[in-house]
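Examination of the molecular architecture
Here's the letter readout for the chains.
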Amino acid sequence: MNKSINLYPDEVHKASLGAPEYYPEIDDACEEINKATKGLGTDEDALIATLGSKNIVERCLIAYRYQEKYGKELNKLMKKENSGDFGFLAQLL
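The structure presented is a predicted model; accordingly, all values stated were derived computationally and were not measured. Positions within a chain are numbered from 1, following the residues in the order the chain's sequence is written. The model is predicted, so local features are restricted to residues of pLDDT at least 70 and side-chain atom pairs to those at 80 or more, both for listing and for counting; the totals for chains, interfaces and linings are taken over all residues. For side-chain calculations, the full set of non-hydrogen atoms in the structure is used, while hydrogens and water are omitted.

1. A look at the pattern of salt bridges
Criterion for a salt bridge: a side-chain nitrogen of Lys or Arg within 4 Å of a carboxyl oxygen of Asp or Glu. Here the structure, examined in full by the defined rule, presents 5 salt bridges. Between Arg 65 and Asp 27 there is a salt bridge, with its nearest N and O atoms 2.6 Å apart. Of the two residues, Arg 65 sits in helix α4 (residues 56–70) while Asp 27 sits in helix α2 (residues 24–37), which places them 38 residues apart along the sequence. Its salt-bridge partner being Glu 32, residue Lys 35 comes within 3.8 Å of it at the nearest N-O pair. Remark: Glu 32 and Lys 35 occur in helix α2; sequence separation between them is 3 residues, near one turn of the helix. Any residue under 20% of the maximum accessible area for its type is buried, any over 50% is exposed, and the rest in between are partly exposed; the area is computed with a 1.4 Å probe on protein chains only. A residue is classified by how much of its surface remains accessible, and Lys 35, at 57% relative accessible area, is exposed. Each of Asp 27, Arg 65 and Glu 68 takes part in one network of salt bridges that share partners. The numbering of helices and of strands both runs from the N terminus, where a helix is a DSSP run of H or I of at least 4 residues and a strand a run of E of at least 2.

Following this line, the structure appears as structure tokens:
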């Protein structure tokens, strides 16, 4: 008998298996993150406003969708664009 614990909601599992259901707010957040990290410097306030108000499910979906849209892993982008304590925190989000 195989029992497993489901730690993440169904939306996250669907995204990891390639059958995601994204809603417009996820795409909007991805666009805001892309704008905040484009060019010289990073708009940390925009990152905080975008990611800080999202729950764990939304942040997971944003990470999957960001890679689909822009071809970059969000956690690696956060590591590259941010430094110090804020950079560490941004990777955890």
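Following the structure, the description resumes.
2. What to know about the environment of Tyr 22
Relative to the elements of secondary structure, Tyr 22 occurs in the loop between α1 (10–16) and α2. Sequence separation between Tyr 22 and Leu 61 is 39 residues; the distance between their C-alpha atoms is 7.3 Å.

3. Notes on α4
A helix is expected to reach a length of 1.5 Å times the quantity of its residues less one. When the terminal C-alpha atoms of α4 are compared, their 21 Å separation across 15 residues agrees well with the 21 Å that a helix rising 1.5 Å per residue should span. In protein, a polar contact means a hydrogen-donor-capable atom and an acceptor-capable atom, both N or O and within 3.5 Å, with residues adjacent in sequence counting only if both atoms are side-chain atoms; elsewhere, any N or O pair within 3.5 Å suffices. Among the residues of α4, the N-terminal cap falls to Asn 55, whose side-chain oxygen and the backbone nitrogen of Val 57 are separated by 3.0 Å. At the C-terminal side of α4, Gly 71 shows a positive phi close to 70°.

4. Focus on the confidence of the model for the protein chain
For the protein chain, the mean per-residue pLDDT works out to 79, and 67% of the residues sit at or above 70. Per-residue confidence from the predictor is reported as pLDDT, which spans 0 to 100. The spread of mean pLDDT over the elements of the protein chain runs between helix α6 (residues 84–92), the lowest at 62, and α2, the highest at 93.

5. Things to note about helix α3 (residues 44–51)
For α3, the set of buried residues is Ala 46, Leu 47, Thr 50 and Leu 51. One side of α3 holds all its buried residues, which, seen down the axis, span an arc of 110°. Set apart from the buried face of α3 by more than 90 degrees, the exposed residues are Asp 45 and Ala 49. For this quantity, the arc is that covered by the directions from the helix axis to the C-beta atoms.

6. Here's the deal with the nonpolar core
To form a nonpolar core, buried Ala, Val, Leu, Ile, Met, Phe, Trp, Tyr and Cys residues must be joined to one another through side-chain atoms within 4.5 Å. Within the largest apolar cluster, 15 residues are counted, with the highest numbers of intra-cluster contacts made by Ile 33, Ile 62, Tyr 66, Leu 74, Leu 77 and Met 78. Secondary structure elements with two or more residues in this core: α2, α3, α4 and α5 (74–81). The dominant element in this core, judged by the number of residues it contributes, is α2, at 5 residues. Contacts were defined at the residue level, with two residues in contact if any of their heavy atoms lie within 4.5 Å. Dropping the residues within four chain positions of it, Tyr 66 is found in contact with Cys 30, Ile 33, Asn 34, Thr 37, Gly 71, Lys 72, Leu 74 and Leu 77.

7. Things to note about the packing of α2 against α4
The axes used here are C-alpha line fits, helices contributing only the stretch in contact, and every angle between their N-to-C directions lies in the interval 0 to 180 degrees. Contact geometry for α2 and α4: axes closest at 9 Å, N-to-C directions at 65°. By the angle class used here, α2 and α4 are roughly perpendicular. Remark: the crossing between α2 and α4 carries right-handed chirality. Side by side, α2 and α4 meet where Ile 26, Asp 27, Ala 29, Cys 30, Glu 31, Ile 33, Asn 34 and Thr 37 of the first sit next to Glu 58, Leu 61, Ile 62, Arg 65, Tyr 66, Lys 69 and Tyr 70 of the second. Looking at side-chain class alone, the contact of α2 with α4 contains 8 nonpolar, 2 polar and 5 charged residues. Roughly parallel here means an angle under 35 degrees, roughly antiparallel means over 145, roughly perpendicular means 65 to 115, and every remaining angle is called oblique. Each crossing is labelled by how the near helix is turned from the far one, with a counterclockwise turn of less than a right angle marking it left-handed and a clockwise turn marking it right-handed. Residues are grouped as follows: Ala, Val, Leu, Ile, Met, Phe, Trp, Tyr, Cys and Pro are nonpolar; Asp, Glu, Lys and Arg are charged; every other residue, Gly included, is polar.

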